[in-house]
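Residue strings, one per chain:
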Amino acid sequence: MSETMQGWVVREFGGPDVMQWESLPIPEPGPGQVLVAVHASGMNFAETRMRAGSYSGQPLPFVMGMEGAGTVAALGPGVESFAVGQRVFGRARGCHADYVLFDEAHLMPLPDRLSFVEGAAIPVGWLTAWHALHTVACVQPGQRVLIEAVAGSVGSAALPIARAAGCWTAVTASSDHKLEPARAAGADLAINYREERISERVRDATGGAGVDVALMTIGEATAQELFDSMGMDGKVVMFGSTGGKDITFNLAIGMVNMQLLSMSISTSPQYPTQTLPGFRRDALPRFADGRFQPVVGEVLPLAQLARAHAMIGERRHYGKIILQVKPD
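As a starting point, this report considers the structure included with it.

Analysis parameters
- Counting restarts for each chain: residues are numbered from 1 in the order of the written sequence.
- At least 70 in pLDDT is required for a residue's local features to be given in this predicted model, at least 80 for side-chain atom pairs to be given and counted, and no such filter applies to totals for whole chains, interfaces and linings, which use all residues.
- Processing note: side-chain calculations cover all non-hydrogen atoms of the structure and skip hydrogens and water entirely.
- In this text, helices come from DSSP runs of H or I with a minimum length of four residues, and strands from runs of E with a minimum of two, each type numbered from the N-terminal end.
- Here the radius of gyration uses the C-alpha set of atoms, whereas the globule reference equals 2.2 Å times the residue count to the power 0.38.
- Think of it in three bands: residues with accessible area under 20% of the maximum for their type are buried, residues over 50% are exposed, and the middle band is partly exposed, with areas taken using a 1.4 Å probe on protein chains only.
- The contact rule is simple, with two residues in contact once any of their heavy atoms fall within 4.5 Å.
- Only the protein chains shown count as covering a residue, and every accessible area follows the Shrake-Rupley method with a 1.4 Å probe.
- The sign given to each residue is positive for Lys and Arg and negative for Asp and Glu; His and the chain ends receive no count.
- A charge is said to be at NZ when it belongs to Lys, at CZ for Arg, at CG for Asp and at CD for Glu.
- In this analysis, strands are considered paired if DSSP registers two or more bridges between them.
- Note on method: axes are straight lines fitted to C-alpha atoms, helices fitted across the in-contact stretch only, with angles between N-to-C directions ranging 0 to 180 degrees.
- Each helix should span, by expectation, one fewer than its residue count multiplied by 1.5 Å.
- Working definition for bend: take the seven residues up to and ending at a residue and the seven starting at it, fit an axis to each, and measure the angle between the axes.

Each helix and strand counted, the protein chain has 9 helices and 16 strands in total. For the protein chain, the C-alpha radius of gyration of 20 Å lies close to 20 Å, the compact-globule estimate for 328 residues. Expressed as lengths along the three principal axes of its C-alpha atoms, the size of the protein chain is roughly 65 × 40 × 35 Å. Scored against the burial criterion, the 328 residues of the protein chain give a buried share of 52%. Within the protein chain, counting contacts between residues at least 6 apart in sequence, those at least 24 apart form 65% of the total. Only carbon and sulfur atoms are counted for the fraction: they give 51% of the accessible area of the protein chain, which is about 13800 Å². Of note, the protein chain has its 26 positive side-chain charges centred 2 Å away from the centre of its 32 negative side-chain charges.

Written as structure tokens, this is what we have:
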């Protein structure tokens, strides 16, 4: 193994042109760390904000990427749960590169039936959706779940997770084109929020009862319609902010005893203690036997990172945009 690698680096905030393909030293794993040779990495909306400088707490310089899949290249002191050459996937900063360091706790074995491309489509979206539904909302069989932006990486993962939990599901998207795959994936109600009132469709479909859990990720543009869709004692789980960080609401939401719950898997104390163990225990076997399937919307070579950023802004795809570093 050579001493250098290539990776996409940002040294100043700005547009896609600030991302530079550079030669970097291959990092050495410290205690509890695993060095992974990246085969594929996932693309996330948050990365466009990191590159632009609007993501809170992002220092310069940094290597792009938040998740990936590949093979173990080296083990740091004390690592016993992985072996060199093993196929793995997980969350780590710096995955748009030839090699990346993972903390052992955030790495998982890649099921044999999945490709590296499919493995790279899991970590951020599926773990965020799992945390929102199971750890934060504590969904139960028979509950009604409303999922915003179903075509995104979190929404497209939340749909099969909610269905596996025995929930009735309503989903929203900005076009009928993006709702078609959601219907095929089993959504009970699909709503084009640009053409229909979400609350009216939900109320009609639920006999006026509303939903028990809603995943909010867009922001102000759809917030009131989402609140009006909630049933008694409903839980709104807020994450992301694709439509802006600020929302306003009337305290009359207290009349239905609504709970507003915010979350981030990067900072939640429950993420390492509940979400990761629960995902390993309950989700990984479903990926291994085919009950869960990663949703890959588009695959591009890593060299086309700027194109991937543009596609995130266009919001036409369903599922995950994956950047391929090495052939599967």
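Before going further, it helps to spend a moment on the environment of Gln-293. Checked against the element boundaries, Gln-293 lands in the loop between helix 8 (270-289) and strand 15 (296-301). In sequence terms Gln-293 and Trp-8 are 285 residues apart; their C-alpha atoms lie 29 Å from each other. Sequence-distant contacts of Gln-293, that is, excluding residues within four places in its chain, are made with Arg-113, Leu-114, Glu-118, Trp-126 and Phe-287.

Overall, parallel pairing links the 6 strands, which are arranged 11-10-9-12-13-14 in an open sheet. Of all strands in the sheet, those bounded by a partner on one side alone are strand 11 (189-192) and strand 14 (259-262). This sheet shows a mean twist of 15 degrees between the axes of neighbouring strands, independent of strand direction. With 5 bridges joining them, strand 12 (residues 211-216) and strand 13 (residues 230-238) adopt parallel strand pairing.

This part is about helix 8. The end-to-end C-alpha distance of helix 8 is 27 Å, a good match for the 28 Å that 20 residues give at a rise of 1.5 Å each. At Arg-280, helix 8 shows its maximal bend, which comes to roughly 40 degrees. The complete set of buried residues in helix 8 reads Tyr-271, Thr-275, Leu-276, Gly-278, Phe-279, Ala-283, Leu-284 and Phe-287. Residues of helix 8 that are buried make contact with strand 6 (87-91), strand 8 (107-109) and helix 3 (123-136).

A few words now on unusual backbone geometry. Most peptide bonds take the trans configuration, and most residues that are not glycine carry a negative phi. Residue Leu-60 is joined to Pro-61 through a cis peptide bond whose omega torsion reads -15 degrees. Mapped onto the elements, Pro-61 comes out in the loop between helix 1 (45-52) and strand 4 (62-63). At Cys-138, a position not held by glycine, the phi torsion is positive, near 55 degrees. Mapping Cys-138 onto the fold places it in the loop between helix 3 and strand 9 (144-147). By relative accessible area, Cys-138 is classed as partly exposed at 39%. Phi at Ala-149 takes a positive value of approximately 50 degrees, unusual for a residue other than glycine. Structurally, Ala-149 is set in the loop between strand 9 and helix 4 (153-164). Owing to a relative accessible area of 24%, Ala-149 belongs among the partly exposed residues under this scheme.

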